[in-house]
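Close look at the chain arrangement
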Amino acid sequence: KMFISSNHTINKFVLLGLAESPDVQLPLFGVFLLIYVFTLLGNVGMMTLVGTNPHLHNTPMYFFLHHLSFTDACYSMVIMPNMLVSFISRNKDISFAGCVAQLYSFVFFGIVECYLLAIMAYDRYAAVCSPLRYVVMLPKMVCVWLVSASYLLGFLYAAIYTGCTFGGPFCNSNVIDHFFCDIGPLLKLSCSDRFLREKVIFAFVSLNGISTSGIILISYLYILSAILRMRSVQSRSKAFNTCASHLMVVSLFYGTGFFVYLQPSTSHNGLDKVVAVFYTLVTPPLNPIIYSLRNREVKEAFMRHMK
């Protein structure tokens, strides 16, 4: 479907990217290609490790981690390939249908990630605060239901966000001041009154963000309380360091996301692109490191896998 305004049909958009200077395109290509390869290796490696190890796959934490790794890999693939091509090519075009698909996929995996992070925080709460009831609190069917619900909510919310973003005609300009098709930059190109659509998006972003970040915050407050009651200094230090690492990644993901999406489209500026790099391209390769390399079971499974 195309939108027509002032006798002009928009059938493609032009993504300006991170920087317009020709001198920085090749260095940026090298940096982000390295990040992309690292993201895929880390997350696909984690999926393979969990998927081929029955013990890990049947443990709630790693079952959720498997899906988080899948989400992160897909999340990165939605944006990175097109971005990398634009660095070494003068063609920065993306078709109208491609832009719709990119936005929908980006929002879908972003929403799923939010809910998976919340579920994993609750999982850690159950493991640390109620270790004897851990299996009872998170049986296999509950884990499957929670993950399925995350994908379903991602599907529904992505449809709402995409519908609101593309729910009106665009002006003659088809230039998007961003490195991917995002909600704010697209709404700025809209000719029609976007007030209601912005309010709907703001309401659902607030609902998703506050509910999932609230679960994470409350879970980690209980975990912190349990850690402070531990008698062993070594155990307390290890648990605290792990929680701090998890919270660092979650804070980076949510903090930058809130900064971009909880402001009107008229307030968006060039800083948004820099901030967007963190929640779209930096956190996906960090998750497998934070959730695995400091974990003894994953290290042991990896060594067995390498033999």
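Residues numbered from 1 in each chain as written. Predicted model: local features only at pLDDT ≥ 70, side-chain atom pairs only at ≥ 80, totals over all residues. Heavy atoms only, no water.

**Some points on the overall build of the protein chain**
For the protein chain, the count of helices and strands is eleven helices and five strands. Among the 307 residues that make up the protein chain, the fraction classed as buried is 48%. Long-range contacts, defined as pairs at least 24 residues apart, comprise 78% of the intrachain contacts of the protein chain with a sequence gap of at least 6. (Helix = DSSP H or I, 4+ residues; strand = E, 2+ residues; numbered from the N terminus. Buried < 20%, exposed > 50% of the residue type's maximum accessible area, 1.4 Å probe, protein only. Contact = heavy atoms within 4.5 Å.)

**Focus: the UniProt feature "transmembrane region" (unreviewed entry) in the protein chain**
UniProt feature "transmembrane region" (unreviewed entry): in the numbering of this structure it lies at residues 28-50, 62-88, 94-122, 142-160, 200-223, 244-262 and 274-293. Between the first and last C-alpha atoms of residues 142-160 the distance is 27 Å; the span itself is 100% helix and 0% strand. Along residues 200-223, the helical share is 100% and the strand share 0%, with 34 Å between the first and last C-alpha atoms. (UniProt positions renumbered as here; feature names shortened; annotations may be inferred.)

**Comments concerning the environment of His 57**
By the element assignment, His 57 lies in helix α2 (residues 54-57). Look at His 57 and you get partly exposed, because its relative accessible area is 26%. With ten residues separating them along the chain, His 57 and Met 47 place their C-alpha atoms 9.6 Å apart. If we skip the residues at most four places from it in the chain, His 57 touches Val 50, Gly 51, Phe 63 and Lys 140.

**A look at helix α6 (residues 140-165)**
Because each turn of an α-helix spans 3.6 residues, side chains separated by three or four positions end up pointing in the same direction. For α6, built from 26 residues, the straight-helix expectation of 38 Å at 1.5 Å per residue is met to within 8% by its first-to-last C-alpha distance of 37 Å. Those residues of α6 that sit buried are Cys 143, Leu 146, Val 147, Ser 150, Tyr 151, Gly 154, Tyr 157, Ala 158, Tyr 161, Thr 162, Cys 164 and Thr 165. (Expected span 1.5 Å × (residues − 1).)

**What about the sheet that holds strand β4 (residues 93-95)?**
In space, the three strands of this open sheet follow the order β4-β3-β5, with mixed pairing throughout. Two strands bound the open sheet, and with one partner strand each, they are β4 and β5 (175-176). Looking at chain direction, strand β3 (residues 12-15) and β5 are connected through two bridges and run parallel. Bridge pairing in β5 places Leu 15 opposite Ile 176. (Pairing = 2+ DSSP bridges.)

**Describing the side chain of Thr 283**
Among the structural elements, Thr 283 can be located in helix α10 (residues 271-293). Each residue touching Thr 283, except ones within four places of it in the same chain, is listed here: Val 249, Leu 252, Phe 253 and Phe 278.

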